[in-house]
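Each chain, letter by letter, is given below.
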Amino acid sequence: GRYGPAKWALAQLLLSLELGLPRVQGTGWVSVDDIHIRDPFVLAVPEEHRYYLYGTTDEDPWHPPAVGFDVYYNDGSNLSAWYGPFPVFRPEKTFWADRNFWAPEVWDVNSYYYMLATFTSPAGFRGTQALAAPSPLGPWEPHSVGTLTPPDWQSLDGTLHYEGEKVWLVFCHEWTQVGDGEIAAVELSSNLKTAVGEPIVLFRASDAHWAVKTKDPARTYVTDGPWLHRTTKGTLLMLWSTFKQNTYCVGIARSPSGTILGPWLHEREPLYSKDGGHPMMFRNFKGQMVVAFHSPNSFPRERAQFRLVEETEDGHSLRILHKTRRKGRGSRTGMGYPLDNDG
């Protein structure tokens, strides 16, 4: 990194004290291999040369009561060593949801920060709500008027997509309600406070010929974690997750029209099919594209994974760059890690 690890850790401690950030037991340097996290999301802040790592961080994200969301961050030199955790969202007692706090995404919109996250009520209905904060470190407060997803839908994993003058929320209509999980979109107000109009179903999980039903008794098709990416040649792609041969995967769909409304065509094979999913993408400080996802998909072994990706020559798809392992230059512990994990 740009600083020695001891000096950098001291600087972060002083910063956290200055900002009044609460610390939790165990705050300090930690290897990414030791962070239990699902649905990892990395916010790169060039002005700070810092990466922030968010995700589903509750010790038990499946059962109430939910705790909230934590964040880890580092000096942008790699993706292997992180400082934290710091709690950035803890609900008030009057908050409408008490379970399944999942998949936070953090977006910088006009120098203010908005978190889209999934929450579930005591009655069992879940949806995506927007929170807002002046800093990536919070404090996060409810921003949207309730959920941005329909109140009578079982919805999750909302992400933003900007297209012309419009901003869309792209999300999953869950298999628990519809059987064949759907990816849907709804237009949002420019201030991200409310949905505008009715949601539109973009595609269903079974539209991907390689997708299979879950092996549980319900035998349903799953949709998880949509993420939009426009290639340098203008092609609009969507990464998303479902199962192939009972293994969690990252799939790719393409919109020939170049718009969110599709139609959406699916790649013949997943981008990643080794028990990992819920993808997102960002550019590291070297300008390289990185895909983040969690793997394996089995509780409590989930860890954040990072892989370099590139666009295919025709600009219609993506592929993962496979690298060898070496000792981790820039890593505090000197641990070996994939070259892909360099910042």
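Residues numbered from 1 in each chain as written. Predicted model: local features only at pLDDT ≥ 70, side-chain atom pairs only at ≥ 80, totals over all residues. Heavy atoms only, no water.

## What to know about the overall build of the chain
At step 1: Helix and strand counts for the chain come out as 2 helices and 23 strands.
At step 2: For the chain, contacts bridging at least 24 residues in sequence account for 50% of all contacts bridging at least 6.
At step 3: Total accessible area on the chain stands at roughly 14800 Å², and carbon and sulfur atoms take up 52% of it. (Helix = DSSP H or I, 4+ residues; strand = E, 2+ residues; numbered from the N terminus. Contact = heavy atoms within 4.5 Å. Areas by Shrake-Rupley, 256 points an atom, 1.4 Å probe, with all protein chains shown as cover.)

## Some words on the sheet that holds strand β14 (residues 224–230)
At step 1: One open sheet holds the 4 strands; their spatial order is β14-β15-β16-β17, and the pairing between them is antiparallel. The two strands at the open ends of the sheet, each matched to only one other strand, are β14 and β17 (265–266).
At step 2: In the sheet, strand β16 (residues 247–255) pairs with β17 via 2 bridges, with the strands oriented antiparallel. When the sheet's bridge partners are listed, R254 is paired in β17 with L265. (Pairing = 2+ DSSP bridges.)

## Points about the packing of aromatic side chains
At step 1: Taken as a whole, this structure holds 28 aromatic pairs when the rule is applied.
At step 2: Between the aromatic rings of Y52 and Y73, the centroid separation amounts to 5.6 Å while the plane-to-plane angle is 40°, which identifies the pairing as tilted. A residue pair is termed long-range when its members are at least 10 positions apart, and Y52 in strand β3 (residues 50–56) and Y73 in strand β4 (residues 69–74) qualify at 21 residues.
At step 3: Classification of Y73 as buried rests on a relative accessible area of 0%.
At step 4: Pairwise contacts between aromatic rings join F69, F89, F95, W96, F101 and F119 into one cluster. (Phe/Tyr/Trp six-rings, centres within 6.5 Å; stacked < 30°, edge-to-face > 60°. Buried < 20%, exposed > 50% of the residue type's maximum accessible area, 1.4 Å probe, protein only.)

## Section: the environment of Q129
At step 1: Mapped onto the elements, Q129 comes out in strand β8 (residues 126–133).
At step 2: Under the relative-accessibility criterion, Q129 is labelled buried at 3%.
At step 3: Sequence-distant contacts of Q129, defined by excluding residues within four places in its chain, comprise F95, W96, M115, L116, A117, F119, P142, S144, G146 and T147.
At step 4: A polar atom in the side chain of Q129 sits 2.7 Å from the side chain of W96.
At step 5: From its side chain, Q129 meets the backbone oxygen of S144 in a polar contact 3.4 Å long. (Polar contact = N/O pair within 3.5 Å; in protein donor to acceptor, adjacent residues only side chain to side chain.)

## Notes on unusual backbone geometry
At step 1: In this structure, the amide linkage connecting G84 to the following residue, P85, adopts the cis form with an omega of 5°.
At step 2: The omega angle of the peptide bond from G262 to P263 is 10°, so this bond is cis rather than trans.
At step 3: For D39, which is not glycine, the phi dihedral falls at a positive 55°.
At step 4: Positionally, D39 belongs in strand β2 (residues 38–45).
At step 5: By relative accessible area, D39 is classed as buried at 8%.
At step 6: Even without a glycine there, the phi angle at N110 is positive, about 55°.
At step 7: Relative to the elements of secondary structure, N110 occurs in the loop between β6 (99–109) and β7 (112–120).
At step 8: Exposure remark for N110: the relative accessible area of 76% places this residue in the exposed category.

## A word on the pattern of salt bridges
At step 1: Applying the stated criterion across every chain yields a total of 11 salt bridges.
At step 2: Across the pair E174 and R126 runs a salt bridge whose closest N-O atoms are separated by 2.6 Å. Highlighted residues: E174 in the loop between β11 (166–173) and α2 (175–178) and R126 in strand β8, separated in sequence by 48 residues. A single burial state applies to E174 and to R126, both of which are buried.
At step 3: Two residues, R319 and E310, come together in a salt bridge whose shortest N-O distance is 2.6 Å. (Salt bridge = Lys/Arg side-chain N within 4 Å of Asp/Glu carboxyl O.)

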